[in-house]
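Descriptive structure summary
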Amino acid sequence: MAITAGDGRDGYSMIVEASHLSRRYGEGEAAVDALSDVSVGFPEGRFAAIMGPSGSGKSTLMHILAGLDSPTSGSVRVAGVELTELGDRELTQLRRDRIGFIFQTFNLLPVLSADENILLPLSIAGRKPDHAWYEQLIDTVGIRDRLSHRPAEMSGGQQQRVAVARALISRPSVVFADEPSGNLDSKSSGDVLRLLRQAVDDIGQTVVMVTHDAHAASFADRLLLLADGRIVHDGEAVSTEQALDLMKSVG
Amino acid sequence: MLALVARGFLQRKLRVLLTAIAIALGVALMAGTYVLTDTINKSFAGIFQTATKGHDVVITPTQSLGRRVISQTSPITEQMLAQVRGTPGVAEAAGSIFTPGTFLDVHGKRLTTGGAPAFIGSEVPKRFESFTAVHGRFPVNAEEVAIDEATAERSNLKIGEQMIVAGSAPAKRYTIVGILRFGGGQSFGGAGAAILTLAEAQRVVGDTGRYDQIDVAARPGVTPSGLRTRIRGELPSTVAVRTGSEQASKETSDLESNLSFLRTFLLVFAYVALVVGAFIIFNTFSITVAQRTREFGLLRTLGASRAQIRRSVVYEGLMLGIVGGVVGLLGGIALAPGLDQLFKSFGADLPDSGTVIETRTIVVSLAVGVGVTVLAGLSPALRATRVPPLAAMREGVEIPRRTPITRGRHAVPVLLALIGVRLVVAIALGEPFSTIAITFAIGVVLLYVRLRQRATGPRYRLTRALAHAVGGLVRWRGITGRLAEENSIRQPGRTLTTASALTVGIALVTLVAVLADGTKATINQAVDRSFAGDLIVENSSVNSEAAIPAVLAPALRRVPGVASVTPIAFTVGRLRTSTSNEAITAVEPESFERVYRVEWKQGSNATLQRLGESGAIVKNSFASSHHLKVGQRLEVLTPTDRYVPITVEGIAEDNTRLLGDLTITLALARRAFGQREDALDFVSYEKGVTNEQVQPRVEELLASYFPQARSRTAAQFKADQSGQINSLLALIYVLLALSVIVSLFGIVNTLVLSIYERTRELGMLRAIGTSRAQIRQMIRYESVITALIGGIFGLVIGVVAAVLITTLTLSGSGYVQAFPVGTLLILLVVAAVAGLIAAQLPARRAARLDTLSALASE
């Protein structure tokens, strides 16, 4: 496979950049290498999908890129900041200001209403919301009529759309999405993925998505394939069928 | 099944520990109480045995009204001693004195501190003597004294030095000629003893020609019981005749019944702590059963029966109870000396040597620990049996609820309230235990029905409202406050049960604080209203029964500037129709009416002058409870074991606690009640003289001749009374603090379990940029909200109960309702701080949680 689009050599600046990442869990005989010498960059304003079979290290990679886990060796830079040198306080600050998260299980706070959930990152940071941006977001994700509802009163699709708005409200440098469509039916799944696509196209949001759903991956600009802790494919996004073939080839 | 339970136990060490402590603290206080009181009993039994060694027969005052340290003239005369000596079979008989007194050093400082008694004794013949001289010798003349080793050591007194002994006669200096040791070297129970010659001891205690006790030795071949029977035939019923061993066991059992008050007092607090512990066990089990729904479902799919599931939870309670019981028992044994210290610091010095652990202590502690735990865990265990096997397959399967009871939805709450009031009244009026127990049982059944009903209606509306109100305190702190508020009402039932544990402690503290404040206000008002004198002279000992010599009043009258002095004495009597002692106050009518305004219901000050040696004024409350009317004749048994006829001449109200159930003349008390000393002297000044002129002169007199006494102005007296109430209050607070501590463990437990449930949520919060500090803050706020809910409920319940008790039992008695607003506010602060403390460990755990847990997919 030729390395082409999105690898950062064609004029894009890198928002997330990892070099020679290794991650080993456990010690001695039982040690498992979740990542082995992975180097990868994610340029601004692009939508990357990371695929791979279970245990391929795709989740570990994302956790390390997002500052949730630390590598055994190697370095990670997010928006120019070297993560491996940061303490918990600085990492928290970085996640708060620079990173947005979308989870497979939505992870909305059940005790807060939809609008409170959307504004949660700003509340945590103690920042005032940008009203115009907030209004635009809720119209984009289309949950204006659900704003006062609590998560328990919303469908899964609605909850995930709230979660997308929550991830975007603080204008992060990068949004990490962990199987965002994993718990959704196909209609809701399409809605959420289109929202992510739209964020990339309209506002130049950088998105990194981990998924094992080839259809979800087809919404991205770029497809990375991991197997046994290594990148085995990195190229333009492909159709669902081609992605499935690729998966089979490593699988 | 048992192995599975045991394994689960080991995997949840922290929770097991926290839950076991909840029950162990109550058990510890219970075991500690038993150990302490058993130890004291045993120590005294040893003392009594030593004291009666070599005594074949002992003759003491009958005292059918019980032993009173307050001075009574002894019925044992020299003539009786002569009679005993003349009885065939008597080898030797000797009279002796052993009466409470006061010892001071030459500078007037007391040699015994706190509530430890000091006894003035007389030397007895060698065969009866339980003291031996370790240094020097026994006194041989009226200027010499021998004192016990402990007192000498404590005050660093040596042979040849001087000390002061004060009794009923003016204080006198003696030269120390001997240091004595009691029995086989054991401590004399913390008490001090000063041995004088017999004649000097009689003079000092004001019992010339009389004895407190006659010791008798039998001739060889005469049995103690045979001799006892012979002597009994010679002497009147005002004295008791016992063999030495009978006397020792009589004194031991008297002491045990005195100590049973202490035991009951302490056990009440142990039971309160156990009730609080039961709340916590119930809550913890309910939460863990809910969390383990999946596990139970799995066991059910694998073929476990409902009974097996139920047993597994009950076994868990059983094991927890055993852990709690054993830890509590060991803790109690360690706690006993601490309790002893606690009482010492509040002025009650009790002897103790070694640690006595009766089988009963072990059995009761373990049984109560296990019983309470298993009972509290029963309802959650039953709930666990309703987990359907399906729960193993799916996330979030709810345990089916039992169908709520719908009948009597309006009647039950009303009945419950009525039963509650009835219970408060029963406790307040000291109704029999059976009544209280039955009322309580009915209450529990109604409460259960009520809880089953609540499943339908809008539940926990009050808890939610309170959480929102309290939440206002933290909401301004931003998102952490807001989340804490919402989290605290996420499971209102759980929050309420957790808070209830604290409610129990806070409600009792509030109740006691409000009652104490009211009592202080009542006394202050009553003193202001009734006391018209300028000075009150009393014994300066903390022992409320310590007296002042009768010769003090005439001496005070001679102090320049003093217009009048009226002595007041306290004694007891028993109506022929009654089995309990009544408090009796004796006054000197002529001088009394000048310094004291009696609140007459029937009668006037003229009635007071008419009392003579056969009349009494009856307290209003006593008159109504005994249906007494003016003119009625009573037969009253006196401490000298005689009946005297007394006629009710008037009825009066009294809130100073000065007038007893009966008020008689001092002349009658001296003649028929054997009253030798006084309790108080009220002093009035001449017109135009100031307190600054007279009080120093009074103090000078007291310092020179009556160093056991002190003078107090009305203001000082009120402050003393408040001080006494405050120190009792402090003791009760210390003991109730245990319940509050137990409830803290409940809060810790609930928080830890809730955090475990919310792992994913906390992980998400961390992932999107919540700092560890913010997580800790959120948990702390949640804890404070829970604690304040408990505190507010406790405050309201405590105040309402106090108002109910006082209005139902003390209405019309002049009780002044007062609310210690400051104390109550402090209580809320205490509750909040308690919440903060309880949150420390859970907050730290929550902040340390792995951020990745939010992303882990199922």
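Residues numbered from 1 in each chain as written. Chains lettered and ligands numbered in written order. Predicted model: local features only at pLDDT ≥ 70, side-chain atom pairs only at ≥ 80, totals over all residues.

Quick notes on the overall build of chain B
Within chain B, the secondary structure is distributed over 25 helices and 24 strands. With respect to the three principal axes, the spread of C-alpha positions in chain B is 100 × 70 × 50 Å. Across the 858 residues in chain B, those meeting the buried criterion constitute 47%. A separation of at least 24 residues holds for 84% of the contacts in chain B among residues at least 6 apart in sequence. (Helix = DSSP H or I, 4+ residues; strand = E, 2+ residues; numbered from the N terminus. Buried ≥ 20, exposed ≤ 12 C-beta atoms within 10 Å, placed from the backbone. Contact = placed C-beta atoms within 7 Å.)

Re the overall build of chain A
What chain A contains, in helices and strands, is eight helices and 10 strands. Put simply, chain A has 251 residues, and 49% of those count as buried. Here the analysis covers contacts within chain A between residues at least 6 apart in sequence; of these, 71% occur between residues at least 24 apart.

Here we look at the confidence of the model for chain A
All names here are of chain A. Residue-level pLDDT values for chain A average 89, and 95% of them are 70 or greater. For chain A, the element scoring lowest by mean pLDDT is helix H8 (residues 240-250), at 84; strand E8 (residues 206-210) scores highest, at 96. Note on residues 1-11: pLDDT under 50 across the span, and 17 contacts to partners over four residues away in sequence or across chains. (pLDDT = per-residue confidence, 0-100.)

Things to note about the pairing of strand E10 (residues 230-236) of chain A
All names here are of chain A. With six bridges joining them, strand E9 (residues 222-227) and E10 adopt antiparallel strand pairing. Bridge pairing in E10 places Leu223 opposite Gly235. Turn length for the E9-E10 hairpin, with the two strands adjacent in sequence and antiparallel, is two residues, and the turn residue Asp228 shows positive phi of about 50°. (Pairing = 2+ DSSP bridges.)

A few points about the domain arrangement of chain B
Residues and elements named next belong to chain B. By the assigned domains, chain B splits into domain 1 (56-255), domain 2 (403-454), domain 3 (459-530 + 715-858) and domain 4 (535-712). Counting residues at the interface gives 11 residues for domain 3, matched by nine residues for domain 4. Breaking the side of domain 3 that touches domain 4 down by element, the ones donating at least two residues are helix H15 (492-530) and helix H22 (714-757). Per element, the largest residue contribution to the side of domain 3 that touches domain 4 is six residues, and it comes from H15. In terms of residue class, the side of domain 3 that touches domain 4 is made up of four nonpolar, five polar and two charged. (Domains from an automatic or database assignment. Nonpolar A, V, L, I, M, F, W, Y, C, P; charged D, E, K, R; others polar.)

Quick word on the interface of chain B and chain A
Chain B puts 21 residues into the contact, and the matching count from chain A is 24 residues. Here the residues of the side of chain B that touches chain A sort into eight nonpolar, eight polar and five charged.

Thoughts on the nonpolar core
Core analysis: the largest hydrophobic core is formed by 190 residues, its most contacted members being A:Ile50, A:Leu196 and A:Val208. At 20 residues, helix H2 (residues 13-51) of chain B tops the list of elements feeding residues into this core. Listed in part, the 105 residues of the second largest apolar core include B:Leu180, B:Val239, B:Leu535 and B:Ala679. (Core = buried A, V, L, I, M, F, W, Y, C linked by C-beta atoms within 7 Å.)

Digging into the packing of H15(B) against H22(B)
Residues and elements named next belong to chain B. It is the contact of H15 with H22, at a shortest axis distance of 9 Å, that shows an interaxial angle of 180°. As far as their axial angle goes, H22 and H15 are roughly antiparallel. Tallied by class, residues from the contact of H15 with H22 come to 20 nonpolar, 10 polar and three charged. (Axes fitted to C-alpha atoms, helices over the stretch in contact; angles between N-to-C directions. Parallel < 35°, antiparallel > 145°, perpendicular 65-115°, else oblique.)

Some details on helix H6 (residues 186-203) of chain A
For the α-helix, the turn length of 3.6 residues means that residues three or four positions removed from each other point alike. Residues and elements named next belong to chain A. For H6, which comprises 18 residues, the first-to-last C-alpha distance of 25 Å matches the rise-based estimate of 26 Å (1.5 Å per residue) to within 8%. Within H6, the full set of buried residues consists of Ser189, Val192, Leu193, Leu195, Leu196 and Ala199. The arc enclosing the buried residues of H6, seen along the axis, measures out at 145°, which places them on a common side. What points out from H6, more than 90 degrees from its buried face, is the exposed set Ser186, Lys187, Arg194, Asp201 and Asp202. The inward-facing, buried residues of H6 abut strand E3 (47-51), helix H4 (131-141), helix H5 (156-168), strand E7 (174-178), E8 and helix H7 (214-217). (Expected span 1.5 Å × (residues − 1). Arc of directions from axis to C-beta.)

Examining the environment of B:Thr223
With respect to the secondary-structure elements, B:Thr223 resides in the loop between strand E13 (213-218) and helix H6 (224-234). When the C-alpha positions of B:Thr223 and B:Thr243 are compared, they lie 9.5 Å apart, and in sequence the two are 20 residues distant.

Brief notes about the sheet that holds E13(B)
Hydrogen bonds between backbone atoms are what pair the strands of a sheet, whose relative direction is either parallel or antiparallel. All names here are of chain B. Ordered in space as E3-E13-E1-E14, the four strands form an open sheet in which the pairing is antiparallel. At either margin of the open sheet sits one strand with a lone partner, and together these are strand E3 (90-96) and strand E14 (239-243). Geometrically, the sheet is characterised by an average inter-axis angle of 20° between neighbouring strands, direction not taken into account. Strands in contact with H6 are strand E1 (57-61), E3, E13 and E14; relative to E14, the strand with the most contacts, it is inclined by about 165°. Relative to the sheet, helix H7 (residues 244-291) contacts E1 and E14, its axis offset from that of E14 by approximately 115°.

Thoughts on unusual backbone geometry
Backbone geometry at A:Asn107 places phi at a positive 50°, although glycine is not the residue there. Locating A:Asn107 in the fold gives a position in the loop between strand E6 (99-102) and helix H3 (114-125). If you check the backbone angles, B:His627 has positive phi at about 55° while not being a glycine. Looking at the secondary structure, you find B:His627 in the loop between helix H19 (620-625) and strand E20 (633-637). On the basis of neighbour count, B:His627 is assigned to the exposed category, with 7 C-beta atoms found within 10 Å.

Some thoughts on H4(A)
Residues and elements named next belong to chain A. The set of residues buried in H4 consists of Leu137, Ile138 and Val141. Buried residues in H4, looked at end-on, bunch into an arc of 90°, giving them a common side. Among the exposed residues of H4, those pointing more than 90 degrees away from its buried face are His131, Ala132, Glu135 and Asp139. As for H4, its buried residues are in contact with H5 and H6.

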